[in-house]
Amino acid sequence: MKTIAIIPARGGSKRLPEKNTKLLGEIPLLAHSILYAKQNNAIIDEIYVSTNDDKIKKIALEYGVKVIDRPESLSGDLEPTVTALKHVLESIEYDVENVILLQPTNPLRPENLLKDGFDFYLKGNHDSLFTVSRNHQKFGKIIDGKFVPFNYEIGQRSQDLEPLFFENGLLYITKSEKILSDIIISKDAYPFEINHIFASVDIDTQEDFDYAQYIYKNK
């Protein structure tokens, strides 16, 4: 039973055209996740890029990974990521136990993140694991033109806030049987906490990309 990495990278992004092939540093955005997967070959048996785009496919092949041609019916703006993962599993001919999802829009990851996360995933016998980071902001809602605090009381110090966490997108590990049931994060998924500047990089817009460039150059 194998562990594979899947990098879903469709073409046709509207907010940031051709984002997966834009150069972050000197290499395409997509390549950062490919190289990270290759650095973890003690864990990952095969690396797949799922795409509907010829330019993305060419880059993936140049970096020596396998490509699964994603049909246009699974490549729309509203199509959930799990359908691409499921399509990969249904397209290969051997049994897979674990799927590691590496999103190309989260290109920067701490070096030991996958090793530490995968060790915890195995030792805890979890069916899925995903990374989260603590948020220290003061949230509220605007109701009838008034600001109503959500996670704090007016005047409360930020360091005294009750902890809130966000799904940062850096890493997902899931049993293949869950993926085949259209699930990436199960009800019993373990939230693996990682508080690192890289968790703030998630690229959907040009502003996000500019910020990623800054972090990449300085960190």
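Residues numbered from 1 in each chain as written. Predicted model: local features only at pLDDT ≥ 70, side-chain atom pairs only at ≥ 80, totals over all residues. Heavy atoms only, no water.

**Some remarks on the pairing of strand β5 (residues 66-69)**
Quick reminder of the rule: Strand pairing is assigned whenever DSSP detects at least two bridges linking the two strands. Every helix listed is a DSSP run of H or I at least four residues long, and every strand listed is a run of E at least two residues long, numbered separately from the N terminus. Classification remark: right-handed applies to a crossover when, strands pointing away from the viewer, the course from the first strand over the helix to the second runs clockwise.
Note that strand β4 (residues 46-51) and β5 share four bridges and pair parallel. Across the sheet, the residue bridging to Ser50 is Ile68, located in β5. Since β4 and β5 lie parallel, the crossover through helix α2 (residues 54-62) that links them has a hand, and here it is right-handed.

**Side note on a nonpolar patch on the surface**
To be explicit about the condition: Nonpolar side chains (Val, Leu, Ile, Met, Phe, Trp, Tyr) within 5 Å and like charges within 9 Å form the patches, drawn only from residues with over 30% relative accessible area and no salt bridge. Here the Shrake-Rupley method, with its probe set to 1.4 Å, supplies the accessible areas, and only the displayed protein chains count as covering residues. For this analysis, a salt bridge means a side-chain nitrogen from Lys or Arg found within 4 Å of a carboxyl oxygen belonging to Asp or Glu.
The grouping of Ile142, Phe147 and Ile154 at the surface amounts to a nonpolar patch, some 370 Å² of accessible area in total. Position of Ile154 relative to the elements: it lies in the loop between β9 (146-149) and β10 (164-175).

**A closer look at the layout of surface pockets**
Worth spelling out the cut-off: Buriedness for pockets is judged along seven lines, at least five of which must meet protein on both sides within 12 Å for an open set on the 1 Å grid over protein atoms alone, while cavities are sets there where a 1.4 Å probe fits but cannot get out, and lining residues have an atom within 4 Å of a point. Grid points are joined across faces, edges and corners, and a volume is the space filled by probe spheres set on the points. All amino acids are sorted into three groups, where Ala, Val, Leu, Ile, Met, Phe, Trp, Tyr, Cys and Pro are nonpolar, Asp, Glu, Lys and Arg are charged, and the leftover types, Gly among them, are polar.
Of the voids in this model, the largest pocket is the one considered here, and its volume is about 550 Å³. Arg10, Lys19, Asp77, Thr81 and Asp204 are, among the 22 residues lining the largest pocket, the residues nearest its centre. Here the residues of the lining of the largest pocket sort into six nonpolar, eight polar and eight charged. A volume near 200 Å³ is recorded for the second largest pocket. Every residue lining the second largest pocket is listed: Ile27, His32, Leu35, Tyr36, Gln39, Pro107, Leu108, Arg109, Phe198, Tyr216 and Lys219.

**What to know about α2**
Our working definition: Only protein chains enter the accessibility calculation, which uses a 1.4 Å probe; a residue is then buried when its area is under 20% of its type maximum, exposed when over 50%, and partly exposed in between. The arc in question is formed by the directions pointing from the helix axis toward the C-beta atoms. Contact between two residues is taken to exist if any of their heavy atoms lie within 4.5 Å; hydrogens are not considered. Any N or O atom pair separated by 3.5 Å or less is treated as a polar contact, with the protein-specific requirement of one donor-capable and one acceptor-capable atom, and with residues adjacent in sequence counted only for side-chain atom pairs.
Every buried residue of α2 is listed here: Ile56, Ile59 and Ala60. Axial view of α2: buried residues confined to an arc of 100°, hence all on one face. Counted as exposed and oriented over 90 degrees from the buried face of α2: Asp54, Lys58 and Glu62. Close packing links the buried residues of α2 with β3 (27-28), α1 (29-39), β4 and β5. You can read the cap of α2 off the contacts: a side-chain oxygen lies 3.0 Å from the backbone nitrogen of Lys55, and it is on Asp53. Positive phi shows up at Gly64, right after α2, with a value of about 80°.

**Details of the sheet that holds strand β7 (residues 128-135)**
For clarity, the threshold we go by: Axis definition: a line fitted to C-alpha atoms, limited for helices to the stretch in contact. Angles are taken between N-to-C directions and run from 0 to 180 degrees.
With mixed pairing, seven strands are arranged side by side in an open sheet as β5-β4-β1-β6-β10-β7-β11. Edge positions in the sheet fall to β5 and β11 (190-193), since each has one partner strand and no second. For this sheet, the mean angle separating the axes of adjacent strands, direction not counted, is 30°. Taken together, the four bridges between strand β6 (residues 96-101) and β10 define a ladder with antiparallel strand orientation. Its bridge partner being in β10, Ile100 is matched across the sheet by Ile173. Sitting on the sheet, helix α3 (residues 81-91) is in contact with β1 (2-8), β4, β5 and β6, with an inclination near 135° to β1. On top of the sheet, helix α4 (residues 113-123) reaches β1, β6, β7, β10 and β11; it is set at about 75° to β10, its chief contact.

**Focus on unusual backbone geometry**
The backbone phi angle of Glu18 is positive, close to 55°, even though this residue is not glycine. Locating Glu18 in the fold gives a position in the loop between β1 and β2 (23-24). The residue Asp144 is not glycine, and still its phi comes out positive at about 55°. Position of Asp144 relative to the elements: it lies in the loop between β8 (140-143) and β9.

**Structural notes on the environment of Gly117**
Residue placement: Gly117 occurs in helix α4. Owing to a relative accessible area of 0%, Gly117 belongs among the buried residues under this scheme. Linking Gly117 and Glu193, residues 76 residues apart in sequence, is a C-alpha distance of 9.4 Å. Dropping the residues within four chain positions of it, Gly117 is found in contact with Leu129, Ile173 and Phe192.

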